Amino acid sequence: SKPRPQLKRISKVSKKVVDTPIYVDTYKLVGIVYGLRFSIPKRDRAVLGDRLLDAATAMLVEFTLSYKLRGNEKVVHTDRFLAHFEVLKGLMRLCIDKKVLPGKKCVESYEYIQRIDDGIVAWRERIAREVRSTAASNNGRHSGMQEQLRGGDGIMNTSSGSAP
């Protein structure tokens, strides 16, 4: 068989984002969720399976935007990524608790969920420092994100210490 031609990358930024560990792990998680979706009984597939897939694909979009944008927008899209990530973890937990998915089928996803959790927390902390230092270099003028950077919105804390 012929080797597949490589897809051309649209921009240098796109090339970088697809090489980041968070993006790679999220992409692999999307593939796993897509496969799990077909293991869900038809009666639950539209509600749970589709929402799992929607949350996972939204994570890809939000991380790409967070990676490409700068400043406050980077923080906003990272927080949206975290929100979709929490939804995905909650839906996975619900699927297992309601026995819609057997736990054995979800084992592979747990590895990626943990790696994404660790990576995105470090990413969020790094961009928060970047925005703070930019705000400090603006002669004391606020960037409007100070409360959010301190975690005042409750979104920043994602590590609960338990697997979904």
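Everything numeric in this text was worked out from a predicted model, so none of it was measured.

Chemist: Describe the side chain of Thr-78, naming the residues involved and giving the relevant values.
Modeler: Along the chain, Thr-78 turns up in helix α4 (residues 72-97). What makes Thr-78 buried here is its relative accessible area of 1%. A polar contact of 2.8 Å, which involves the side chain of Thr-78, links it to the backbone oxygen of Lys-74.

Chemist: Account for helix α3 (residues 42-68), naming residues and giving values.
Modeler: In a regular helix each residue adds 1.5 Å, so 27 residues correspond to 39 Å; α3 covers 38 Å between its end C-alpha atoms and thus fits that length. Taking the largest bend as the criterion, α3 deviates by roughly 30°, centred on Leu-48.

Chemist: Give me the pattern of salt bridges: which residues, what numbers.
Modeler: In total, this model carries 8 salt bridges according to the counting rule given. Note that Arg-43 is salt-bridged to Asp-44, the shortest N-O span being 3.0 Å. Of the charged contacts in the structure, one is a salt bridge between Arg-126 and Glu-130, with a shortest N-O distance of 3.1 Å. Within this pair, Arg-126 and its partner Glu-130 are both found in helix α5 (residues 103-137), separated by 4 residues, close to a single helical turn.

Definitions and cut-offs
- Residues numbered from 1 in each chain as written.
- Predicted model: local features only at pLDDT ≥ 70, side-chain atom pairs only at ≥ 80, totals over all residues.
- Heavy atoms only, no water.
- Helix = DSSP H or I, 4+ residues; strand = E, 2+ residues; numbered from the N terminus.
- Buried < 20%, exposed > 50% of the residue type's maximum accessible area, 1.4 Å probe, protein only.
- Polar contact = N/O pair within 3.5 Å; in protein donor to acceptor, adjacent residues only side chain to side chain.
- Expected span 1.5 Å × (residues − 1).
- Bend = angle between axes of the 7 residues up to and from the residue.
- Salt bridge = Lys/Arg side-chain N within 4 Å of Asp/Glu carboxyl O.

All quantities given are derived from atomic positions and should not be read as evidence of function.
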